[in-house]
Amino acid sequence: MKNLLSMEHLSNEEIMMILNRAQHFENGGNPVLQREFHVANLFFEPSTRTKTSFEMAERRLGCTVIPFDAEFSSTTKGETLYDTVKTLEMIGIDAVVIRDKEDEYYNELLEGIGCAVINAGDGAGQHPSQSLLDLYTIQKEFGRFEDLNITIVGDISHSRVAKSNATALTRLGANVRFLCPPAWAGNFEAAHSWDEVLEDSDVIMLLRIQHERHSVSKNFSKESYHAEYGLTIEREQRMKERAIIMHPAPVNRDVEIADALVECSRSRIFEQVRNGVFTRMAILETILKGRDQYDNSYTKCEATQ
Ligand code: CP
């Protein structure tokens, strides 16, 4: 695996290999990297979890993290993303972790860039590392994906998490459903009432309203959204006995989920954050290990000349 760009590019076997490796790291296992790697995190959109947990994962793998501050980089002087990444590659960076507001920004990096590219979120496109940590969380809980009813609730059309998880979970055998206001369904067929999905869901996955990607306001007050589409305390009491609540976060308390439910016994919201470090270690190790093989053969080739 040279890059991680989209869940659509990963086979089920590659997904399961990463989840197994995440379990290895959670169990205290060591990485198998052959040398010190240099990684830079390029975040052109805000982030708390993804940026920090990638940095933690990089440090736990023994990588050197080269600081990159998007606001003070030469992209503000008109430098393209391609030229920025090429520059970092020439300085000696092995891998870049990138979040950008453009869908599929990575297409301009596929030709001519030698360092590995890990997508930490592209516009309203994909968020593959979040999807992998979500899958890891579900697998730890249920030990399987087949026949689980997984309901994704909220701003589906603007959510990269919804798209990444719909792709992967469906392929792994889960029954993925959606619940959202009609205007936010995008290309998905969605339920419009909790009664259609609440009581047989194994996982309720809530999403934040992505105001920054809305061109026009949808006229929901926080209270009206919570009443119609939020997970209220009354709704939580109707969930299946072993069903869990997930949310990629950041959470808007009392909008998509009642404040009192954020850390209730069903909630895995902060557990997801913890799992993100092990999953990102697995992603980085898989990609950097591949570069080791490439680098070794390159060195051998040079040495025989
Ligand atoms: N879930 C997620 O991507 O959170 P951040 O925006 O804080 O990285």
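Computed from a predicted structure; not experimentally measured.

Let us now look at the overall build of the protein. When you go through the protein residue by residue, the secondary structure sums to eight helices and eight strands. Since a compact globule built from 305 residues should have a radius of gyration of about 19 Å, the 20 Å found for the protein is in line with a globular shape. Along the longest, intermediate and shortest principal axes, the C-alpha atoms of the protein span 70 × 45 × 30 Å. Counting across all 305 residues of the protein, residues that qualify as buried make up 55%. The long-range fraction of contacts in the protein, counting pairs at least 24 apart against all pairs at least 6 apart in sequence, stands at 75%. Accessible area of the protein: about 13900 Å², with a carbon and sulfur share of 48%. Taking the average place of the 33 positive charges on the side chains of the protein and the average place of its 47 negative ones, the gap between the two points comes to 3 Å.

In the predicted model, the protein carries a mean pLDDT of 94, and 94% of its residues have values of at least 70. A low-confidence stretch, residues 295-305 (pLDDT under 50), is modelled with one contact involving residues beyond four sequence positions or located in other chains.

In this structure the tally under the stated criterion is 20 salt bridges. Sharing partners across several salt bridges, the network here consists of Glu-26, Lys-140, Glu-271 and Arg-274.

Strands in a sheet are paired, the pairing made by backbone hydrogen bonds, and the direction either parallel or antiparallel. Taken in spatial order, the four strands of this open sheet run E6-E5-E7-E8, and their pairing is parallel. Looking along the sheet, the strands with just one partner apiece sit at the ends: strand E6 (175-179) and strand E8 (244-246). If you compare each strand with its neighbour and ignore which way they point, the axes differ by 20° on average. Direction of pairing for strand E7 (residues 203-206) relative to E8: parallel, over a ladder of three bridges. In the strand pairing of E8, Ile-204 is matched with Ile-245.

Here we come to helix H1 (residues 12-26). Relative to the 21 Å expected for 15 residues at 1.5 Å per residue, H1 spans 21 Å between its end C-alpha atoms, a close match to the ideal helical length. Among the residues trailing H1, Gly-28 stands out with phi positive, at a value near 95°.

All right, on to the packing of aromatic side chains then. Inspection of every chain in the model, using the stated rule, returns eight aromatic pairs. When the centroid spacing of 5.6 Å and the interplanar angle of 90° are considered together, the rings of Phe-220 and Tyr-225 count as edge-to-face. Of the residues examined, Tyr-225 reaches a relative accessible area of 1% and is grouped as buried. Their ring planes at 35° and their centres at 5.8 Å tell us that Tyr-225 and Tyr-229 sit as a pair that is tilted. Placement of the pair is Tyr-225 and Tyr-229 together in helix H6 (residues 222-229), with a separation of four residues, close to one helical turn.

Here we take up the site of the ligand. If you check the shell around the ligand, you find Ser-47, Thr-48, Arg-49, Thr-50, Arg-99, His-127, Gln-130, Pro-248 and Ala-249 and nothing else. One nitrogen or oxygen atom from the side chain of Arg-99 is found 2.9 Å from an oxygen atom belonging to the ligand. Contact between the ligand and Pro-248: a nitrogen atom at 2.9 Å from a main-chain N or O atom of the residue. For the ligand, whose accessible area on its own is 260 Å², the fraction buried by protein is 90%. For the shell around the ligand, the residue count by class is two nonpolar, five polar and two charged.

Moving on, we come to H6. Three or more residues of H6 are buried, namely Tyr-225, His-226 and Tyr-229. Each buried residue of H6 sits inside an arc of 105° when the element is viewed along its axis, so together they form one side. Exposed residues on H6 whose side chains face more than 90 degrees from its buried face are Glu-223 and Ala-227. Elements that come into contact with the buried residues of H6 comprise strand E5 (149-153), E6 and helix H7 (233-236).

Here Asp-202 lies in the loop between E6 and E7. Polar contacts involving the side chain of Asp-202 include one to the side chain of Lys-240, which spans 2.8 Å. Ignoring anything within four residues of it in the chain, the contact list for Asp-202 reads Phe-142, Asp-147, Leu-148, Asn-149, Lys-240, Ala-243 and Ile-244.

What counts and what doesn't
Residues numbered from 1 in each chain as written. Predicted model: local features only at pLDDT ≥ 70, side-chain atom pairs only at ≥ 80, totals over all residues. Heavy atoms only, no water. Helix = DSSP H or I, 4+ residues; strand = E, 2+ residues; numbered from the N terminus. Rg over C-alpha atoms; globule rule 2.2 N^0.38 Å. Buried < 20%, exposed > 50% of the residue type's maximum accessible area, 1.4 Å probe, protein only. Contact = heavy atoms within 4.5 Å. Areas by Shrake-Rupley, 256 points an atom, 1.4 Å probe, with all protein chains shown as cover. Lys, Arg positive; Asp, Glu negative; His and termini not counted. Charge placed at Lys NZ, Arg CZ, Asp CG, Glu CD. pLDDT = per-residue confidence, 0-100. Salt bridge = Lys/Arg side-chain N within 4 Å of Asp/Glu carboxyl O. Pairing = 2+ DSSP bridges. Axes fitted to C-alpha atoms, helices over the stretch in contact; angles between N-to-C directions. Expected span 1.5 Å × (residues − 1). Phe/Tyr/Trp six-rings, centres within 6.5 Å; stacked < 30°, edge-to-face > 60°. Near = heavy atom within 4 Å. Polar contact = N/O pair within 3.5 Å; in protein donor to acceptor, adjacent residues only side chain to side chain. Nonpolar A, V, L, I, M, F, W, Y, C, P; charged D, E, K, R; others polar. Arc of directions from axis to C-beta.

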